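For reference, the chains in residue letters:
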Amino acid sequence: MANSFAFDEQLRLVLTAAQCRAGRALVGIKRAQLADAAGVAARTIGDFEAGARVPRVETLLALRIGLEDLGIEFTQQSNGGRGVRIGSPHSDQLAAFMM
């Protein structure tokens, strides 16, 4: 059981459901748009954000990279809190979504 808990903690370090929701909200995109950017199914994002399931680590990494490409920066606070903020896009993907 302890190994499962440690693995769950590692997954949360990659991306939390709250970070995913907040990141999408900051750049104003829908699940389908993030799904396209990350190469994952929109339903996977919906299930993850709703807490219905935790995607595979590869999927979480793809979502995080997709959000980072759209300009989302992930933050870590000294008290252990995690968040997101808007930075500058790493590619022209955000401009493509805004058209």
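What counts and how
- Residues numbered from 1 in each chain as written.
- Predicted model: local features only at pLDDT ≥ 70, side-chain atom pairs only at ≥ 80, totals over all residues.
- Heavy atoms only, no water.
- Buried < 20%, exposed > 50% of the residue type's maximum accessible area, 1.4 Å probe, protein only.
- Helix = DSSP H or I, 4+ residues; strand = E, 2+ residues; numbered from the N terminus.
- Arc of directions from axis to C-beta.
- Axes fitted to C-alpha atoms, helices over the stretch in contact; angles between N-to-C directions.
- Left-handed = near helix turned anticlockwise from the far one by under 90°.
- Contact = heavy atoms within 4.5 Å.
- Nonpolar A, V, L, I, M, F, W, Y, C, P; charged D, E, K, R; others polar.
- Core = buried A, V, L, I, M, F, W, Y, C linked by side-chain atoms within 4.5 Å.
- Parallel < 35°, antiparallel > 145°, perpendicular 65-115°, else oblique.

Colleague: Help me get a handle on helix 2 (residues 17-27), residues and values and all.
Modeller: If you check which residues of helix 2 are buried, you get A17, Q19, C20, G23, R24 and V27. The buried residues of helix 2 all sit within an arc of 165° when viewed along its axis, so they share a single face. With its phi angle positive at about 70°, G28 sits one or two positions after the end of helix 2.

Colleague: Help me get a handle on the packing of helix 3 (residues 31-38) against helix 4 (residues 42-50), residues and values and all.
Modeller: Two elements in contact, helix 3 and helix 4, have axes whose closest approach is 8 Å; the angle formed by their N-to-C orientations is 115°. Between helix 3 and helix 4 lies a crossing whose hand is right-handed. Here helix 3 contributes R31, A32, L34 and A35 to the contact with helix 4, which in turn contributes A42, I45, G46 and E49. Of the residues assigned to the contact of helix 3 with helix 4, the class counts are 5 nonpolar, 1 polar and 2 charged.

Colleague: Can you lay out the nonpolar core for me, pointing to particular residues and giving the numbers?
Modeller: In this structure, L15, L34, I45, F48 and L63 are the most contacted members of the largest nonpolar core, which totals 19 residues. Among the secondary structure elements, those contributing two or more residues to this core are helix 2, helix 3, helix 4, helix 5 (57-69) and strand 1 (72-76). Contacts of L15, omitting those with residues within four sequence positions, involve C20, F48, L60, L63, R64, L67 and F74.

Colleague: Describe the packing of helix 2 against helix 4, listing the residues and the values that go with them.
Modeller: Two numbers describe a pair of packed helices, the interaxial angle and the distance between the axes. Where helix 2 meets helix 4, the closest approach of the two axes is 8 Å, and the angle between their N-to-C directions is 120°. Judged by the angle between their axes, helix 2 and helix 4 are oblique. By crossing handedness, the relation of helix 2 to helix 4 is classed as left-handed. Between helix 2, through A17, C20, R21 and R24, and helix 4, the contact on the second element is made entirely by I45, F48 and E49. In terms of residue class, the contact of helix 2 with helix 4 is built from 4 nonpolar, no polar and 3 charged.

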